[in-house]
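Analysis of the macromolecular model
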Amino acid sequence: MSRIAYVNGRYLPHKNASVHIEDRGYQFGDGVYEVVLVLNKNLIDFEGHYTRLKRSLSEISLDFPISETVIKQIFKRLVRSNHITNGLIYLQVTRGVADRAHQFPTNVPPALVVTAKPTLITKTVAGKKAITTADQRWDRRDIKTIQLLPNCIAKQEAVKHDAFEAIMVMQDGTITEGASSNLWMVDKDNQLVTRQASNAILNGITKLSLTNIASIRQYKIVERPFTVEEAREAKELFVTSATAIVTPIIQLNDDLIADGNVGPVALALRSAYLENTR
Ligand SMILES: Cc1ncc(COP(=O)(O)O)c(C=O)c1O
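Quick caveat, the model's predicted, so the values are computed rather than measured.

**Let's talk about the environment of Ile66**
- Mapped onto the elements, Ile66 comes out in the loop between helix H2 (46–59) and helix H3 (68–81).
- Residue classification places Ile66 among the buried positions, given a relative accessible area of 18%.
- When the C-alpha positions of Ile66 and Asp259 are compared, they lie 49 Å apart, and in sequence the two are 193 residues distant.
- Not counting the four nearest positions on each side in its chain, Ile66 is found in contact with Tyr50, Ile71, Ile74 and Leu112.

**Digging into helix H4 (residues 149–160)**
- For H4, which comprises 12 residues, the first-to-last C-alpha distance of 16 Å matches the rise-based estimate of 16 Å (1.5 Å per residue) to within 8%.
- Those residues of H4 lying buried are Asn151, Ala154 and Ala158. Buried residues along H4 cover an arc of 65° about the axis, so they all sit on one side. Exposed residues lying more than 90 degrees from the buried face of H4 are Leu149 and Lys160.
- On the buried face of H4, the contacting elements are strand S7 (128–134) and strand S8 (165–169).
- Immediately downstream of H4, the backbone of Asp162 shows phi near 55°, a positive value.

**Focus on the site of the ligand**
- Of all residues adjacent to the ligand, which total 19 residues, the nearest are Arg52, Glu177, Ile205, Thr206 and Ala242.
- Between the ligand and Lys144, the relevant distance is 3.0 Å, taken from an oxygen atom to a side-chain nitrogen or oxygen of the residue.
- One nitrogen or oxygen atom from the side chain of Thr206 is found 2.7 Å from an oxygen atom belonging to the ligand.
- In isolation the ligand exposes 390 Å². Once the protein is present, 94% of that is buried.
- Assessed atom by atom at 2 Å from the grid points, the ligand resides in the largest pocket.
- Looking at the shell around the ligand, the elements with two or more residues in it are H2, strand S9 (175–178), helix H5 (205–216) and strand S13 (236–241).
- Across the shell around the ligand, the residue classes break down as 5 nonpolar, 10 polar and 4 charged.

**Details of the pairing of strand S2 (residues 10–13)**
- Relative to S2, strand S1 (residues 4–7) runs antiparallel, the two sharing 4 bridges. Paired with Val7 across the two strands is Arg10, which belongs to S2.
- In sequence, S1 turns back onto S2 through a hairpin of 2 residues, with Asn8 there showing a positive phi of about 45°.

**Remarks on the domain arrangement of the protein**
- Assigned domains of the protein: these are domain 1 (4–118) and domain 2 (128–276).
- Between the C-alpha centres of domain 1 and domain 2 there is a distance of 26 Å.
- Taken together, the contact between domain 1 and domain 2 spans 24 residues of the former and 19 residues of the latter.
- Contact with domain 2 buries surface across domain 1, with Tyr33, Asp45 and Arg52 losing the most and accounting together for 34% of the total.
- Remark: the boundary between domain 1 and domain 2 carries 2 salt bridges.
- Notably, a salt bridge pairs Arg140 with Glu59, separated by 2.8 Å at the nearest N-O pair.
- Linking domain 1 to domain 2 there are 9 residue pairs in polar contact (both at pLDDT 80 or more).

**Details of the environment of Gly48**
- Its place among the elements puts Gly48 in helix H2.
- What makes Gly48 partly exposed here is its relative accessible area of 25%.
- With 53 residues separating them along the chain, Gly48 and Ala101 place their C-alpha atoms 33 Å apart.

About the thresholds
- Residues numbered from 1 in each chain as written.
- Predicted model: local features only at pLDDT ≥ 70, side-chain atom pairs only at ≥ 80, totals over all residues.
- Heavy atoms only, no water.
- Helix = DSSP H or I, 4+ residues; strand = E, 2+ residues; numbered from the N terminus.
- Buried < 20%, exposed > 50% of the residue type's maximum accessible area, 1.4 Å probe, protein only.
- Contact = heavy atoms within 4.5 Å.
- Expected span 1.5 Å × (residues − 1).
- Arc of directions from axis to C-beta.
- Near = heavy atom within 4 Å.
- Polar contact = N/O pair within 3.5 Å; in protein donor to acceptor, adjacent residues only side chain to side chain.
- Areas by Shrake-Rupley, 256 points an atom, 1.4 Å probe, with all protein chains shown as cover.
- 1 Å grid on protein atoms, 1.4 Å probe; cavity = no way out; pocket = protein on both sides within 12 Å on 5 of 7 lines; lining within 4 Å.
- Sits in = over half its atoms within 2 Å of the grid points.
- Nonpolar A, V, L, I, M, F, W, Y, C, P; charged D, E, K, R; others polar.
- Pairing = 2+ DSSP bridges.
- Domains from an automatic or database assignment.
- Buried area = accessible area lost by both parts, 1.4 Å probe.
- Salt bridge = Lys/Arg side-chain N within 4 Å of Asp/Glu carboxyl O.

See below:
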């Protein structure tokens, strides 16, 4: 069965889908994206992702007047045509095709690409290793831009150390987030600690959603920066993203977190998130 992708108004076989070499996404990383989880054929946290997409577009002054309804229709059609039950949808908007010049072109239509793929989603998940690395990104990490080279370098560093995620650390010693996820810890008082929304991190839609789910379940949530030292001493660590959902981290660099086993809070929150999306 061949995969189908959406490119600028057309549904095409994935292997033939392409954009022009002078697309500004390719030339300058001039674009933004979203990744949306599909569970049981349903789009998870769609409104949150659409809201963040609009914000990212506005922050880079990319005028893209496509409605929530149209995007949802495209997503649903790709879920159907790619026979996806559980999986991921990737959407990317770039500033379109223009002669290569740094300044924004005028009267150029933006380019929209959407792809979809099936993935395996399990109720429980094994604990993973993470490493720490310097956060080398720009000051607008709140924008979900396709310029991901520092994130790619960080992730490659993780792979080199047989780790699942790279936890990025600012010069002041505080953790920002993972290369492709937000980090949470359970502290000694059983509080859930995660960094507050600001320009320093990408405010995850999974994080937002889990914050609601956790507070309904009476967890105490504290939003503040925390250090590598605090993370090492945590009762539990876990990361969240549309892709990772809730994934426990049981080792940070050479140190086991607590006794090195998956903790009850991470597992309970993963189940609660999956349950909530039924
Ligand atoms: C740097 C970064 N932080 C956080 C996240 C989590 O965001 P979300 O929960 O919206 O997937 C991602 C997801 O790709 C990311 O790339």
